[in-house]
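The chain contents come next:
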Amino acid sequence: MITYSTENVKMPKIRRRDTSAWIKKVANAYGYEVGEIGYLFCDDEKILEVNREYLQHDYYTDIITFDYSEEDTINGDLVISLDTVKSNAELFHKTYEEELHRVIIHGILHLCGINDKGPGERELMEAAENYALSMRVES
């Protein structure tokens, strides 16, 4: 089950049913089933609080992924700052919707085992994001 909630922000205008189907399609492409996935959309202050409390990082970010996956089933909590999504969309010359979907799937790709911190991993993640975005169909 995939759930969507908010704290300190309005729910973004995403088609939850389509987004959930897309997430499952991407996970399946990497050989995973979707278990319990919880999205929390929030503001910069909340994500900074989460980053400090759980990761001891003192900076803003677009997404934090907590991975509770077991074997071939992905499970996790994904915290997304809509403030940072908006500023990154402007920075990267993307629409807000494009950047939001990139971040939504970025966390799922982490749960599927794709990393972005080591040498060459950022490029692999970007390619995986582009592939996943190409699989998205809005009805």
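Quick caveat, the model's predicted, so the values are computed rather than measured.

Parameters and conventions
- Residues numbered from 1 in each chain as written.
- Predicted model: local features only at pLDDT ≥ 70, side-chain atom pairs only at ≥ 80, totals over all residues.
- Heavy atoms only, no water.
- 1 Å grid on protein atoms, 1.4 Å probe; cavity = no way out; pocket = protein on both sides within 12 Å on 5 of 7 lines; lining within 4 Å.
- Points joined across faces, edges and corners; volume = space filled by probe spheres on them.
- Helix = DSSP H or I, 4+ residues; strand = E, 2+ residues; numbered from the N terminus.
- Nonpolar A, V, L, I, M, F, W, Y, C, P; charged D, E, K, R; others polar.
- Buried < 20%, exposed > 50% of the residue type's maximum accessible area, 1.4 Å probe, protein only.
- Arc of directions from axis to C-beta.
- Contact = heavy atoms within 4.5 Å.

## Remarks on the layout of surface pockets
- Within this model, the largest pocket holds a volume of roughly 750 Å³.
- If you trace the largest pocket, you find 27 residues lining it, with Arg102, His106, Asp116, Arg122 and Glu129 closest to the centre.
- Mapped by element, the contributors of at least two residues to the lining of the largest pocket are α2 (44-55), β3 (63-67), α4 (96-111) and α5 (121-134).
- Tallying contributions element by element places α4 first for the lining of the largest pocket, with 6 residues.
- Each residue belonging to the lining of the largest pocket can be placed in one class, and the counts come to 6 nonpolar, 9 polar and 12 charged.

## Quick notes on helix α3 (residues 82-91)
- Taken residue by residue, α3 has Leu82, Thr84, Val85, Asn88 and Ala89 as its buried positions. For α3, the angular spread of the buried residues around the axis is 155°, confining them to a single face. Opposite the buried face of α3, at more than 90 degrees from it, the exposed residues are Glu90 and Leu91.
- Lining the buried residues of α3 we find β2 (33-42), α2, β4 (73-81) and α4.

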